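Coordinate inspection notes
Spelled out from the first residue to the last, the chains are:
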Amino acid sequence: MSAPFLWIFLPLTLAGFLMLLRNQKVIALIACIFTLILTLAAWLLPLDTAITIGNMSFKLSSSFEILGRHLILGSADRSLLALIYGSAIVWFAVAPAVKTARRLTSLGLAITALLVAALAVEPFLYAALLIETAVLLSIPLLSAPGQRPGNGLIRFLIFQTLAMPFILFSGWLLAGIEANPGDLGLVQQAAILIGLGFSFLLAVFPFYSWIPLLTEESSPYTVGFILWMFPTVTIFFGLGFLDHYTWLRDAPALGTVLTTVGVLMVVSGGLLAAFQQHLGRIMGYAVIIETGFSILTLSLRGTVGLNIFFMLFIPRTLSLVVWALALTILKEHSPTLILSDIRGLVRIWPFATSGLVLANLALAGMPLLAGFPPHQAIWEGLASTSLSVVIWVLLGNLGLFFSAIRVMLAFSAAPEGAPWESRETAAQRILFAISFLALLLLGLFPQWVLPLWTKLPAIFTHLGQ
Amino acid sequence: MFTILNWFALLIALVTSVGLLLHRDWRWGIGLLAIQYLSIFWLVQTHWPVSMAASKLVTGWMACAVLGIAQLNTDPAEETEVSWPQGRLFRLFTAGILIAATFALSLRASGWLGLGLPIAWGSLLLIGMGLLQLGISAQPFRVILGLLTVLAGFEILYAAVESSTLVAALLSTINLGLALTGAYFLNMPQEENQ
């Protein structure tokens, strides 16, 4: 058996099988157990080495040939696989609590497998094609049931589809640069094409208009999953570019470009979040800010930036799950998610409202919460190069923090004498309680998750050195 | 002989892409797209073996069939789109500008990429027309037609530099996926009770 078969084709097959089932809890259980097995396998099984269990002996080869090209998952990729599938478990396990398990687990598993294939395919530029396939698969997940597709969904499809030609064509130019590195004109053209391709893929300023639209019009939980999965894999894909091409990695302007783009995203996202009236849109802007932070980590050259980038992974996943879960619960029971319509909800939905505010604060980099240690590391890293950049970034953070305060004020504005109750189900309360604890513990003891990401930089041959 | 046929394929691409922009009737849209794939097939086969280039034609026609069947099940009342700009004259004017701009661009691109002028122009023209379609309409059916046209233009250009079977297969999957997405948009299902 080969590693790509285990971590790509098997999940794809199971995803197809899960679509045939109807019981939400059974679907979620099967998906969680299967994803857990994949995570443990990634954690424990060595690749290209004979493994003997009793009388049986087998070897998990790292390569799989398909139509003359290869899917390769090497030993270095194991920790990344464990992290991706491990995070997917969290999303799948929570899904039944908001009744989205049926669509999310089956399509989500297929999307995860396709995006893992995107990271495994050689030549790695073909990843753009697999990412586009995953985008097409995510359309049924994002579309609001029984309604015509909204502008956010249409723009998501257009922007993600337009990214693919740019990246594929830049690959051809990059091959030309490898043969003739002195051709500055070619370098410039390739850089423009790569920049445009990744701007569309990562929803970089100003191509991010679809994110707040989508978080407003679709189910927050499924949007949360997509907005967690796609930017994460796209940044890994982008890191692959940097790792593969020396001229790109060593380009003097790269740091400035990444810093400018990152700051633009953090500041614009923060300012727009601060004055936003819709809770869904605030989550969208928070995702934009997080992408901005990821880009900023890449501007910090060397392994420092890479380590901080991986540090962001777990707090972001946890915060987004909590935020999306809370929003989905509130959306089901509130006429709209506009601030004026959610006044006093803390008395009826204490767990969901607290979860939403805590997740918001965690992503804003509030001390004592999970998001603080990586954000603090980014501020510190940026401060060593430019103080003005840090001030701008803090302004973005402040915007998100301000939005959390506004939301908190709206939630707590209950009429005098309104009784306290909790309409969340027992399962939802347990999930929120666990996540509150996790958000706090990760803020207080970030070193506990250190072993999860110390091996990750090794995925990149040059960047990880 | 082949050069003349390339120019003829370009002419078909031009007429069909402008037609796609002007006609509001979905039957015309699908018919023109199907004819457009003939020109795409011809322009791609100048760099690929005919058997592989035929995959573009088959995939394109399959996409047209999927969209056509989906449209048959749609309520015609929902097709109208109230948005600016709607005027046929405006669209014709912008198409004219685009034809001129892509011609100027293709003169440089053909030399740079080492392609014949009809191939470079055909490719850039389809990309431009597709983008224009995306720019002036938010109707799902029109958006899918626009995306398929942009991809068709790109595929002509990319065929000249890449001949991998895996890429051809994945591009076909994406074209079909886009058509299925269009069909899904048109017949957005009522959510089953979970």
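Treat the numbers as computed from the prediction; the structure is a model and nothing was measured. (Residues numbered from 1 in each chain as written. Chains lettered and ligands numbered in written order. Predicted model: local features only at pLDDT ≥ 70, side-chain atom pairs only at ≥ 80, totals over all residues.)

Counting secondary structure elements, chain B contains seven helices and zero strands. Listed N to C, the secondary structure of chain B is α-α-α-α-α-α-α in terms of helices and strands. Here the analysis covers contacts within chain B between residues at least 6 apart in sequence; of these, 70% occur between residues at least 24 apart. (Helix = DSSP H or I, 4+ residues; strand = E, 2+ residues; numbered from the N terminus. Contact = placed C-beta atoms within 7 Å.)

So, on to the domain arrangement of chain A. Residues and elements named next belong to chain A. Under the domain assignment, chain A is made up of domain 1 (1-122) and domain 2 (202-459). Between the C-alpha centres of domain 1 and domain 2 there is a distance of 26 Å. Domain 1 puts 20 residues into the contact, and the matching count from domain 2 is 22 residues. For the side of domain 1 that touches domain 2, the per-class residue count stands at 14 nonpolar, five polar and one charged. (Domains from an automatic or database assignment. Nonpolar A, V, L, I, M, F, W, Y, C, P; charged D, E, K, R; others polar.)

Residue and element names in this part refer to chain A. Over its 18 residues, helix 7 (residues 184-201) extends 26 Å from the first C-alpha to the last, a length consistent with the 26 Å expected when each residue adds 1.5 Å. Buried positions along helix 7 lie against helix 5 (127-142), helix 6 (151-179) and helix 9 (220-244). Of the residues one or two after helix 7, A203 is the one with positive phi, at around 55°. (Expected span 1.5 Å × (residues − 1).)

Turning next to unusual backbone geometry. Residue and element names in this part refer to chain A. At the junction of E122 and P123, the peptide bond is cis and its omega measures out at -5° in the coordinates. The topology assignment puts P123 in the loop between strand 5 (121-122) and helix 5. The peptide bond linking F205 to P206 adopts the cis configuration, its omega dihedral lying at 5°. Among the structural elements, P206 can be located in the loop between helix 7 and helix 8 (210-217).

Listed by partner, the interface residues are 27 residues for chain B and 29 residues for chain A. Looking at the side of chain B that touches chain A, the elements with two or more residues in it are helix 6 (140-159) and helix 7 (165-186) of chain B. For the side of chain B that touches chain A, the element with the highest residue contribution is helix 7 of chain B, accounting for 13 residues. When its residues are assigned to classes, the side of chain B that touches chain A shows 18 nonpolar, seven polar and two charged.

Below, the discussion takes up the environment of I30 of chain B. All names here are of chain B. Position of I30 relative to the elements: it lies in helix 2 (residues 26-44). Look at I30 and you get buried, because 21 C-beta atoms sit within 10 Å. For the pair I30 and G68, spaced 38 residues apart in sequence, the C-alpha separation works out to 6.7 Å. Those residues in contact with I30 that sit more than four places away from it in its chain are C64, L67 and G68. (Buried ≥ 20, exposed ≤ 12 C-beta atoms within 10 Å, placed from the backbone.)

Before going further, it helps to examine the sheet that holds strand 4 (residues 69-72) of chain A. Taken in spatial order, the three strands line up as 3-4-5 (chain A) in an open sheet, and their pairing is antiparallel. If you trace the sheet from one side to the other, it starts and ends with strand 3 (63-66) and strand 5 of chain A, each paired once. (Pairing = 2+ DSSP bridges.)

For any part of a model where pLDDT is low, the fine detail of the predicted coordinates should not be relied upon. Looking at chain A as a whole, its pLDDT mean stands at 89, while 99% of the residues score no less than 70. Within chain A, the lowest mean pLDDT, 76, falls on helix 18 (residues 450-453) of chain A, and the highest, 95, falls on helix 14 (residues 350-363) of chain A. (pLDDT = per-residue confidence, 0-100.)

Our next topic: the nonpolar core. Side chains that are nonpolar tend, in soluble globular proteins, to be buried together. Residue and element names in this part refer to chain A. In this structure, A118 and L325 are the most contacted members of the largest nonpolar core, which totals 241 residues. Here this core gets 19 residues from one element, more than from any other, and that element is helix 13 (residues 302-333). Per-domain counts for this core show at least three residues from each of domain 1 (1-122) and domain 2 (202-459). With sequence-adjacent residues up to four places away left out, A118 is seen in contact with A127, L130, I131, V233 and F237. (Core = buried A, V, L, I, M, F, W, Y, C linked by C-beta atoms within 7 Å.)

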